[in-house]
Amino acid sequence: MLWGCMTILTLISRPSLRRLVGQSRSCGTVVAQAAGGGGKFPKLSRVLEDRGIEVQQRGNSMKAKCPFHGNGQERTPSLAINDEKGLYHCFSCEASGNVAGFVAEYEGVGYSEAMDLLCREYGLVRSRPANGAPQTQAQREAAERRERTRKLLEAATAFYVAALSRPEGAACMQMLRERKVSAQSAHIFRLGFSPSAGQPPLSQHLLSLGFRQDELIDVGLAYRREGSASLVDRFRARLMIPIASAAGDIVGFGARVVPPDEGGGAKYLNSRDSPIFKKGSLLFGLPHARRAARAKDQVVLVEGYMDVIALHAAGIAHAVGCLGTAISEEQLRLAASLSPSATVILALDADAEGSQ
Ligand SMILES: [Zn+2]
């Protein structure tokens, strides 16, 4: 059914992608410290090896097959690695940069997200911004706010997931069964349910965990009814679909109405745009698809959440979704960056609304 409505096959070449992304990466100094101080990123060669790229010692230098051109299948390794300086350079495609730059390019994320990925992967605490300058008070506060937001959205996801398996989630569960969404898929994508009116709301739960009203409002999970001091949950009686950033943090939700409430309000609601949730620069399922997209060297871009979940369940794990909106250039760039040769298959539905 899904493949019947595929309309476009688009290949974006790596050079043109580079022009879109911008090639240069600044070479920061030590940018992270282990908790307790003193640590830094592991050697570049180790970061490559941890990604399944073989590093060969050649005299005093190290080389690897460059993953950024020719599908990583070149015969003679042309990626030179300098562990001492933490730099790489490809003599063929001229890709070059430092450890975080490598991860950004390889994982298809921004430089800052690559730093976060590295810190998480190697148990480091990020202590300085990307340019290596000491962190200011304002930057520290911004980092703390981001961390609280991350925890808030994580707590909201856990709340929705728990509600799905309680009696109030029964109709939502039934809808998933009818759509052949398995318990495993629900678990992988952390699907949940936002309770209906009359059931304990999310906002009450989050406030009890110590989050503030303004924090809930800022991420679009609740709003204040006019003339009232108390909060109202924005998402009610809906299937909740968490949407993660490229770095894997939940940044917002897609929410589908659950029968028998069909017709009451929009079928799909997304978190509203905020500094951390920008619909046009997110792809649903990206963290889940990254590995398969690299292995298959292509990514399938579809419109709907349920399409992505169905494709993954069918073994097509290199599928991502564009949040039910028109595809933006940023989303296309992000999708292309998941595949070494930047191959994107657009599998668009002529009637996206209908398929969901
Ligand atoms: Zn190369």
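Now for a look at the structure at hand. Quick caveat, the model's predicted, so the values are computed rather than measured.

## Comments concerning the pairing of strand S15 (residues 299–302)
No. 1: Neither face of S15 is open: one carries Val299 and Leu301, the other Val300 and Val302, and all of them are buried.
No. 2: Bridging between S15 and strand S17 (residues 343–346) involves 3 bridges; their strand directions are parallel. Counterpart to Val299 in the pairing with S17 is Val344.
No. 3: Relative to strand S16 (residues 319–321), S15 runs parallel, the two sharing 3 bridges. Across the sheet, residue Val300 finds its bridge partner in S16, namely Ala319.
No. 4: Crossover handedness for the path S15 to helix H11 (residues 305–313) to S16: right-handed.

## Some words on the packing of helix H3 (residues 99–107) against helix H4 (residues 111–121)
No. 1: Interaxial distance between H3 and H4 falls to 8 Å at its minimum, and their mutual angle equals 105°. In terms of orientation, H3 lies roughly perpendicular with respect to H4. Between H3, through Val99, Ala100, Gly101, Val103, Ala104 and Glu107, and H4, the contact on the second element is made entirely by Tyr111, Ala114, Met115, Leu117 and Leu118.
No. 2: Among the residues forming the contact of H3 with H4, the class breakdown is 9 nonpolar, 1 polar and 1 charged.

Conventions and cut-offs
Residues numbered from 1 in each chain as written. Predicted model: local features only at pLDDT ≥ 70, side-chain atom pairs only at ≥ 80, totals over all residues. Buried ≥ 20, exposed ≤ 12 C-beta atoms within 10 Å, placed from the backbone. Helix = DSSP H or I, 4+ residues; strand = E, 2+ residues; numbered from the N terminus. Pairing = 2+ DSSP bridges. Right-handed = clockwise from strand over helix to strand, strands pointing away. Axes fitted to C-alpha atoms, helices over the stretch in contact; angles between N-to-C directions. Parallel < 35°, antiparallel > 145°, perpendicular 65-115°, else oblique. Contact = placed C-beta atoms within 7 Å. Nonpolar A, V, L, I, M, F, W, Y, C, P; charged D, E, K, R; others polar.

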